[in-house]
Amino acid sequence: MKEYSGHIDAVVLWVDGSDPQWRLDRFNQWKIYFNQCTSSNADHRFANCDELLYCLRGLYYNASWIRHIYLVTCGQKPKWLDVGHPKIKLVNHNQIIDKENLPTFNSCAIEMHLHRIPGLSDCFLYLNDDCFITKNTTKKHFFHSNGKAYFNSHRFMQNPPNCNEINSFNWTIRNNQECLDSLFGKKIRYRPDHQAYLVYKRACQFIEKNAPEYICSTRKQRFRIDSTKNEKTLNMYIFATAGLELGYYQLRLNADEIYYTIDQARDNFHRLLAVPPMLLCINNSYTDNDRLFIHSLMSSLLPRAAPWEIPNSFPRYRPLKLVHNQCKKTRSITNVVPSIHKINMQSILSELKSQKTKDTPYTISKPATNKIKLYYQIGSFKESRVLTSIPN
């Protein structure tokens, strides 16, 4: 086996959208560019719900092979983070982005500069703060036996995007495809999934050298804009897909990963607790009403504090749990979430039985009562509800 022997760092983007100075800077720039901006610049896109806490916990406990974690911000830092920890490296935008392109509020523009981070490993793991590694991993989970990084995908790039809503993201994907067509010829291509994935600096440098008009156009955009107005906008997917074209990656179509919206995560929290995936993304376009659910779920999946977390600087949340009732054969679900959606328990149990491993945190058996109860608690209020019969 030709195992990858080089160092691997992780890179995470983060912003605190509630910071008064940041909001003032954004407002001043918005007055200039507002006629070009899209819904991708709405306030909720910059909301800080502290998912970063669990993102970093996942890297520490489940990806110990990561050397350093580079946190890229506009000079901000989470209140709970000890920036003096040797594994954490804060990177200010002004360290990697040219002065004439600052301040920027466009994650695509920031992504075009990540390979400039001083001291960054030649191959690095890139992830957003809504992406979590929830199982213990080694390099073998991210590299094929031939030494190439895995390129996880389950969908194609589209040109033009084949969807009802032609938004800024879809036009960015179109521009990625257009750029790659100009370099490698027209073809149908996979694009990486929105999860943690490896990026080669040499693939970034290849695009920077051979498609400068796309790179420069993206870097100067302070906000995500309507890319149909003759603006060539790229995002981070371009580097991984170019690396696949250059032979740096091994395509993998069946990775152990889940991408959920907040509503899907609510509907499937029991699946996540019973059989957590290796890679989990819960899209963070949600409101404060969902904060309790996110923190309760992630406190269950990643309960241990990382060594860089400042004690007593972050509120403690009651975790979600799959627990045994007093009756040994009765399984119950403990939850702190006030909103419970309909659950097809028969299909869930069938799936869990097929996926059951020695790590499954409960025993699947038919209880004497032939019923499942859902228990949830909010403060001192408790309620239980019979959901469905368990299949034979």
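Residues numbered from 1 in each chain as written. Predicted model: local features only at pLDDT ≥ 70, side-chain atom pairs only at ≥ 80, totals over all residues. Heavy atoms only, no water.

### What about the overall build of the protein chain?
Phase 1 of the analysis: Scanning the protein chain for helices and strands turns up 12 helices and 16 strands.
Phase 2 of the analysis: Among the 392 residues that make up the protein chain, the fraction classed as buried is 52%.
Phase 3 of the analysis: The contacts of the protein chain with a sequence gap of at least 6 include a subset with a gap of at least 24, amounting to 73%.
Phase 4 of the analysis: Total accessible area on the protein chain stands at roughly 18500 Å², and carbon and sulfur atoms take up 48% of it. (Helix = DSSP H or I, 4+ residues; strand = E, 2+ residues; numbered from the N terminus. Buried < 20%, exposed > 50% of the residue type's maximum accessible area, 1.4 Å probe, protein only. Contact = heavy atoms within 4.5 Å. Areas by Shrake-Rupley, 256 points an atom, 1.4 Å probe, with all protein chains shown as cover.)

### Quick notes on helix α2 (residues 52–62)
Structural remark: α-helix, 3.6 residues per turn; residues separated by three or four positions point the same way.
Phase 1 of the analysis: Within α2, 9 of the 11 residues are buried, which leaves the element mostly enclosed by the surrounding structure.
Phase 2 of the analysis: Considered for burial, the residues of α2 that qualify are L52, L53, Y54, C55, L56, R57, G58, L59 and N62.
Phase 3 of the analysis: Where α2 is buried, its residues touch β1 (8–13), β2 (69–73), β3 (88–92), β4 (123–127), β5 (131–133) and α11 (291–301).

### Notes on the nonpolar core
Phase 1 of the analysis: Among the nonpolar cores identified, the biggest contains 88 residues, and L56, L59, L114, L125, L297 and M298 are the most heavily contacted of them.
Phase 2 of the analysis: When residues in this core are grouped by element, the largest group, 6 residues, is from α2.
Phase 3 of the analysis: Residues contacting L56, with those up to four places away along its chain left out, are V12, I69, W80, L81, I88 and W308. (Core = buried A, V, L, I, M, F, W, Y, C linked by side-chain atoms within 4.5 Å.)

### Notes on the packing of aromatic side chains
Phase 1 of the analysis: In this structure the tally under the stated criterion is 16 aromatic pairs.
Phase 2 of the analysis: Ring geometry for Y200 against Y249: centres 5.2 Å apart, planes inclined by 80°, an arrangement best described as edge-to-face. Placement of Y200 in strand β9 (residues 197–200) and of Y249 in strand β10 (residues 249–252) is noted, with a sequence separation of 49 residues between them.
Phase 3 of the analysis: The buried category is assigned to Y200, whose relative accessible area is 2%.
Phase 4 of the analysis: Its relative accessible area of 5% is what places Y249 among the buried residues.
Phase 5 of the analysis: Through successive ring pairs, a cluster of aromatic residues spans W22, W30, F105 and F223.
Phase 6 of the analysis: Positioned above the aromatic ring of Y248 is the side chain of R202, whose terminal nitrogen or guanidinium carbon lies 4.3 Å from the ring centre.
Phase 7 of the analysis: Of note, R252 hangs over the ring of Y150, and the distance from its end group to the ring centre comes to 3.8 Å. (Phe/Tyr/Trp six-rings, centres within 6.5 Å; stacked < 30°, edge-to-face > 60°. Lys NZ or Arg CZ within 6 Å of the ring centre and 35° of its normal.)

### Let's talk about the environment of I133
Phase 1 of the analysis: Considering the arrangement of structural elements, one finds I133 in strand β5.
Phase 2 of the analysis: Classification of I133 by relative accessible area gives buried; the value is 1%.
Phase 3 of the analysis: The spacing of I133 and L280 is 147 residues in sequence and 6.4 Å in space, taken between C-alpha atoms.
Phase 4 of the analysis: For I133, the residues in contact, after removing those within four places along its chain, are G58, L59, N62, A63, L125, F142, M278, L279 and L302.

### Observations concerning the sheet that holds β5
Phase 1 of the analysis: Read from one edge of the open sheet, 3 strands run β5-β12-β11, paired in mixed fashion. Sheet topology places β5 and β11 (257–260) at the edges, where each strand pairs with a single neighbour. Adjacent strand axes in the sheet meet at a mean angle of 15° when their direction is disregarded.
Phase 2 of the analysis: Direction of pairing for β11 relative to strand β12 (residues 279–282): parallel, over a ladder of 4 bridges. Bridging across to β12, Y259 finds its partner in C281.
Phase 3 of the analysis: On top of the sheet, α11 reaches β5 and β12; it is set at about 170° to β12, its chief contact. (Pairing = 2+ DSSP bridges. Axes fitted to C-alpha atoms, helices over the stretch in contact; angles between N-to-C directions.)

### With respect to the confidence of the model for the protein chain
Phase 1 of the analysis: Mean pLDDT over the protein chain: 80, with 72% of residues reaching 70 or higher.
Phase 2 of the analysis: Low pLDDT, under 50, characterises residues 323–346; the predicted model gives this stretch 66 contacts beyond four residues in sequence or across chains. (pLDDT = per-residue confidence, 0-100.)

### Structural notes on the environment of N62
Phase 1 of the analysis: As for its placement among the helices and strands, N62 is situated in helix α2.
Phase 2 of the analysis: For the pair N62 and M278, spaced 216 residues apart in the sequence, the C-alpha separation amounts to 9.1 Å.
Phase 3 of the analysis: For N62, the side chain forms a polar contact with the main-chain oxygen of I133, separated by 2.8 Å. (Polar contact = N/O pair within 3.5 Å; in protein donor to acceptor, adjacent residues only side chain to side chain.)

### What about the state of the cysteines?
Phase 1 of the analysis: Inspection of the entire model under this criterion finds 0 disulfides.
Phase 2 of the analysis: C123 forms no disulfide, and the closest cysteine sulfur to it belongs to C204, at a distance of 10.0 Å.
Phase 3 of the analysis: For C123, a relative accessible area of 0% translates into the label buried. (Disulfide = S-S within 2.5 Å.)

### Topic: empty space enclosed by the protein
Phase 1 of the analysis: With the rule as written, the count across this model stands at 3 cavities of 30 Å³ or more.
Phase 2 of the analysis: In this structure, the largest cavity spans a volume of roughly 40 Å³.
Phase 3 of the analysis: Lining of the largest cavity is provided by F142, Y150, N152, A196, Y197, L198 and R252.
Phase 4 of the analysis: When residues of the lining of the largest cavity are traced back to their parent elements, those giving at least two are β6 (149–152) and β9.
Phase 5 of the analysis: Broken down by class, the residue content of the lining of the largest cavity amounts to 5 nonpolar, 1 polar and 1 charged. (1 Å grid on protein atoms, 1.4 Å probe; cavity = no way out; pocket = protein on both sides within 12 Å on 5 of 7 lines; lining within 4 Å. Points joined across faces, edges and corners; volume = space filled by probe spheres on them. Nonpolar A, V, L, I, M, F, W, Y, C, P; charged D, E, K, R; others polar.)

### Topic: α11
Phase 1 of the analysis: Taken across its 11 residues, α11 has 9 buried, putting it largely inside the fold.
Phase 2 of the analysis: Elements in contact with the buried residues of α11: α2, β5, α9 (262–267), α10 (269–274) and β12.

### Observations concerning the pattern of salt bridges
Phase 1 of the analysis: Within this structure, the stated rule accounts for 10 salt bridges.
Phase 2 of the analysis: R57 is the partner of E309 in a salt bridge, and the nearest nitrogen-oxygen pair spans 2.8 Å. Of the two residues, E309 is situated in the loop between α11 and β13 (321–324) and R57 in helix α2; the sequence distance between them amounts to 252 residues. Of the two residues examined, E309 and R57, each falls in the buried class.
Phase 3 of the analysis: Note that K187 is salt-bridged to E245, the shortest N-O span being 3.7 Å. In this pair, K187 is assigned in the loop between α5 (168–184) and β8 (190–191) and E245 in helix α8 (residues 237–245), connecting sequence segments 58 residues apart.
Phase 4 of the analysis: A single salt-bridge network, built from bridges that share partners, covers D181, K187, R189 and E245. (Salt bridge = Lys/Arg side-chain N within 4 Å of Asp/Glu carboxyl O.)

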